[in-house]
Amino acid sequence: MIDKKLFRINKIRPILIGLAGLGILQALLIIGQAYFLSRGLSALWAGETVRSQISRLILFFVCFLLRQVLLFIRDKTLDDYAYEQSKKLRQQLLAKIFRLGPNFVQKQGTGNMVTMAIEGVAQVENYLTLILPKLTNMMVIPWLILIFVFTEDLRSGFVLLLVFPIIIIFMIILGYAARAKADRQYEGYQRLSNHFLDSLRGLETLKFLGLSKKYEKNVFEVSEDYRKATMSTLKVAILSTFALDFFTTLSVAIVAVFLGFKLMNGEILLAPALTVLVLAPDFFLPLRDFSSDYHATLDGGNTLQSIFTILDQVEPAPVKNLGLSNVWTEQDSLKLDQTSVRYDTGATTSTLTNLKFSWQGTGKVGVVGLSGSGKSTLIKLLGGFLASETDSILINDQRVAHLNTNEWQDKLLYIPQDPYIFHATLQENITFYHPDATLAQVELAIDRAGLITLVQELPLGLNTMIGEGGHELSGGQSQRVALARAFLDSERNILLFDEPTAHLDVETEAELKATMLPLFDQRLVFFATHRLHWMREMDYIIVMEQGQIVEQGTYAELRNNQEAYMEFVKQLRGE
């Protein structure tokens, strides 16, 4: 009933041992409460005075108060533990996602990853807080109470012992049914998260294309499926709770009937009979608590399993020291030697095949090709987000399988088609990677990125909130913010551009081009695009087709060859 991955959480075993110890103390206090209360009441029934039972009443209240103190200590300790472990789990998850890269996030769904890192970890925290004490109580308290009941009345002990495994079996059956329903509900929750985030981020585009109504229907169907899965899970949970309450109440009633007959026949005294009757509900209480909270924490259990599945993902083998300095110099070299890449580890064919390319020092390298030719995959390979099938990437003649290492990535600036704009002020967006940048540095980056007009138009200037829920930026303005981030960073001198102007109109692109070209000076630039006018600015051009480099050379050489590059030009022109 409990996922074994729960035991992978840090310091879980000492916590479980401590909870088991508290469970033993709690059981002894429960027995003490029942014992002193029953003895006191039976003595009063026998005609003794209240004054004579003061000591037993005091002991009863002492047991009661100590039990509440134990519960407070347990809950406080467990809350602190669950909070700390969930915080560490979130840090481990985010660190793992960053190491696996955007390719993994794209396959899993951005919405799913965001929901898992925020709400999912909170569900795990709730799961730990609820399930651990219920689990240990169920394993300890009933058995200590049962041992004491046997000392008071054998028949009642056998009734409780007989009913307990029947209820456990029934719980297991319904638990598996509830888990199957909860798994389906969690899958629906993941789909809904992805649909909602994708819809939110693409709302403007959907509205512009007239597809918002159609997509609205799709989101409604996904949310309706999630609602049905949730209601189906609740039905099973309510049914199991009802069945458990019914069986436990019936069992207590049977114990009471047998005790009544024995009292009438004079086979048992009132004190032990009353003690057994008081303890019977407490015997089943841990089981009932566990059952109700088990259904309430199924989402947390599913999320925990999903998180550990991500943490168990195989990472590329660490790269040894590349011997690079703080920046890319004219003496440094990059080479692809028959490099092949599979975009997905489960794919049967390679996305990039036998790439051969070499470059030394700084310069501007254009990467062109039709959609699906492999331009973006090559940029992701150079960014360290994908690995080659063999050690075919050479940095200063040192062979590696991937570039997912701080020594390389600390020199990179990556600007995609749609740079992310955070819900923050314009200044915070620009200084995201350099929060300690001075105002003078920010203003210089803004000037170089051509953002002065935007700053003047914004109501609060640099302090205006932008992004989701704030002032919306156009595609060109978003790209300028990304460029300002790049201008603010004078140390990173390897630039990767993945179709940065694909969605911009000609006028906006022309303005951005004038802004971007000074950024290329004294840097190693890989610029993937299908816009031809950029190629005049490139020192070297790679032409890609179906995941292969079919031609490469300078702009003049490719035009004179009249081969793959000129064929690509003709296709773009519709010739």
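Residues numbered from 1 in each chain as written. Predicted model: local features only at pLDDT ≥ 70, side-chain atom pairs only at ≥ 80, totals over all residues. Heavy atoms only, no water.

### Digging into the sheet that holds strand S11 (residues 540-545)
Then, number 1: Strands sit in the order S6-S9-S10-S3-S11-S12 across an open sheet of 6 strands; the sheet is mixed. With partners counted over all chains shown, the strands left at the sheet margins are strand S6 (412-415) and strand S12 (548-553), one partner each. In this sheet, neighbouring strand axes are inclined to one another by 15° on average, regardless of whether the strands run parallel or antiparallel.
Then, number 2: On top of the sheet, helix H10 (residues 375-382) reaches strand S3 (363-368), S6, strand S9 (494-498), strand S10 (524-528) and S11; it is set at about 155° to S9, its chief contact.
Then, number 3: Against the sheet, helix H15 (residues 475-488) makes contact with S6 and S9, and its axis sits at roughly 175° relative to S6, the strand it touches most. (Pairing = 2+ DSSP bridges. Helix = DSSP H or I, 4+ residues; strand = E, 2+ residues; numbered from the N terminus. Axes fitted to C-alpha atoms, helices over the stretch in contact; angles between N-to-C directions. Contact = heavy atoms within 4.5 Å.)

### Observations concerning the packing of aromatic side chains
Then, number 1: According to the stated counting rule, one finds 19 aromatic pairs in the structure shown.
Then, number 2: Judged by centre distance (6.5 Å) and plane angle (80°), the rings of Tyr35 and Phe148 are edge-to-face. Here the residue Tyr35 occupies a position in helix H1 (residues 12-45), and Phe148 occupies one in helix H4 (residues 110-152), the gap between them amounting to 113 residues.
Then, number 3: Residue classification places Tyr35 among the partly exposed positions, given a relative accessible area of 32%.
Then, number 4: Their ring planes at 35° and their centres at 5.3 Å tell us that Phe497 and Phe527 sit as a pair that is tilted. Of the two residues, Phe497 is situated in strand S9 and Phe527 in strand S10; the sequence distance between them amounts to 30 residues.
Then, number 5: Judged by relative accessible area, which is 1%, Phe497 ranks as buried.
Then, number 6: Judged by relative accessible area, Phe527 falls into the buried class, the value being 0%.
Then, number 7: Through successive ring pairs, a cluster of aromatic residues spans Trp143, Phe164, Phe283 and Phe284. (Phe/Tyr/Trp six-rings, centres within 6.5 Å; stacked < 30°, edge-to-face > 60°. Buried < 20%, exposed > 50% of the residue type's maximum accessible area, 1.4 Å probe, protein only.)

### Some words on helix H16 (residues 506-516)
Then, number 1: All buried positions along H16 are accounted for by Thr508, Glu509, Leu512, Lys513, Thr515 and Met516. Angular distribution of buried residues about the axis of H16 spans 160°; they occupy a single face of the element. Residues of H16 that are exposed and point over 90 degrees away from its buried face: Val506, Glu507 and Ala514.
Then, number 2: Considering only its buried residues, H16 is in contact with helix H13 (439-449), H15, S9 and S10. (Arc of directions from axis to C-beta.)

### Considerations on a nonpolar patch on the surface
Then, number 1: Together, Leu41, Leu44, Val50, Ile54, Leu57, Ile58, Phe61, Val62, Phe64, Leu65 and Leu66 make up a nonpolar patch on the protein surface, roughly 940 Å² of accessible area in all.
Then, number 2: Listing elements by their share of the nonpolar patch, those giving two or more residues are H1 and helix H2 (54-100).
Then, number 3: Considering every element that reaches the nonpolar patch, the biggest residue donor is H2, with 8 residues.
Then, number 4: Position of Leu66 among the secondary structure elements: in helix H2.
Then, number 5: Exposure remark for Leu66: the relative accessible area of 43% places this residue in the partly exposed category. (Patch = residues over 30% accessible without salt bridge, like charges linked within 9 Å, V, L, I, M, F, W, Y side chains within 5 Å. Areas by Shrake-Rupley, 256 points an atom, 1.4 Å probe, with all protein chains shown as cover. Salt bridge = Lys/Arg side-chain N within 4 Å of Asp/Glu carboxyl O.)

### Some points on the environment of Ile254
Then, number 1: By secondary structure assignment, the location of Ile254 is in helix H7 (residues 212-264).
Then, number 2: With 94 residues separating them along the chain, Ile254 and Leu160 place their C-alpha atoms 9.6 Å apart.

### Re the pattern of salt bridges
Then, number 1: Overall, the coordinates contain 13 salt bridges when judged by the stated rule.
Then, number 2: Between Arg74 and Asp75 there is a salt bridge, and its shortest N-O distance comes to 3.1 Å.
Then, number 3: Judged by its relative accessible area of 12%, Arg74 is buried.
Then, number 4: You can call Asp75 partly exposed: its relative accessible area is 33%.

### As for the environment of Leu394
Then, number 1: Tracing the backbone shows Leu394 in strand S4 (residues 393-395).
Then, number 2: The sequence separation of Leu394 and Leu336 amounts to 58 residues, and the corresponding C-alpha distance is 6.4 Å.

### Some points on the sheet that holds S4
Whether parallel or antiparallel, the strands of a sheet pair through hydrogen bonds between backbone atoms.
Then, number 1: If you trace the 4 strands from one edge of the open sheet to the other, you get S2-S1-S4-S5, paired in antiparallel fashion. Whereas interior strands pair on both sides, the edge strands pair on one side only; in this sheet they are strand S2 (352-360) and strand S5 (398-400). Pairwise comparison of adjacent strand axes, ignoring direction, gives a mean angle of 20° for this sheet.
Then, number 2: Against the sheet, H10 touches strand S1 (333-341), S2 and S4, its axis set at about 125° to S1.

### Here we look at unusual backbone geometry
Then, number 1: Positive phi values are uncommon outside glycine, yet Asp397 reaches one of about 65°.
Then, number 2: Considering the arrangement of structural elements, one finds Asp397 in the loop between S4 and S5.
Then, number 3: On the accessibility criterion, Asp397 (65% relative accessible area) is exposed.
Then, number 4: With phi around 60°, Gln522 is a residue other than glycine that occupies positive phi space.
Then, number 5: Inspection of the secondary structure assignment puts Gln522 in the loop between H16 and S10.
Then, number 6: On the basis of relative accessibility, which here comes to 63%, the residue Gln522 falls in the exposed class.

### Brief notes about the nonpolar core
Then, number 1: With 58 residues, the main nonpolar core has Ile9, Leu128, Leu132, Ile145, Leu279, Leu304 and Ile307 as its most contacted residues.
Then, number 2: For this core, the secondary structure elements donating two or more residues are H1, H2, helix H3 (102-108), H4, helix H5 (154-201), H7, helix H8 (270-296) and helix H9 (298-311).
Then, number 3: With 16 residues, H4 is the single largest residue contributor to this core.
Then, number 4: For Ile9, the residues in contact, after removing those within four places along its chain, are Tyr81, Gln85, Leu128, Leu304 and Phe308.
Then, number 5: By size, the runner-up hydrophobic cluster in this structure holds 46 residues, among which are Leu426, Phe497, Phe520 and Trp534. (Core = buried A, V, L, I, M, F, W, Y, C linked by side-chain atoms within 4.5 Å.)

### As for the packing of H1 against H2
Then, number 1: It is the contact of H1 with H2, at a shortest axis distance of 8 Å, that shows an interaxial angle of 160°. One element, H1, and the other, H2, form an angle in the roughly antiparallel class. Seen from above, H1 lies across H2 with left-handed handedness.
Then, number 2: Residue composition of the contact of H1 with H2, by class: 19 nonpolar, 4 polar and 4 charged. (Parallel < 35°, antiparallel > 145°, perpendicular 65-115°, else oblique. Left-handed = near helix turned anticlockwise from the far one by under 90°. Nonpolar A, V, L, I, M, F, W, Y, C, P; charged D, E, K, R; others polar.)

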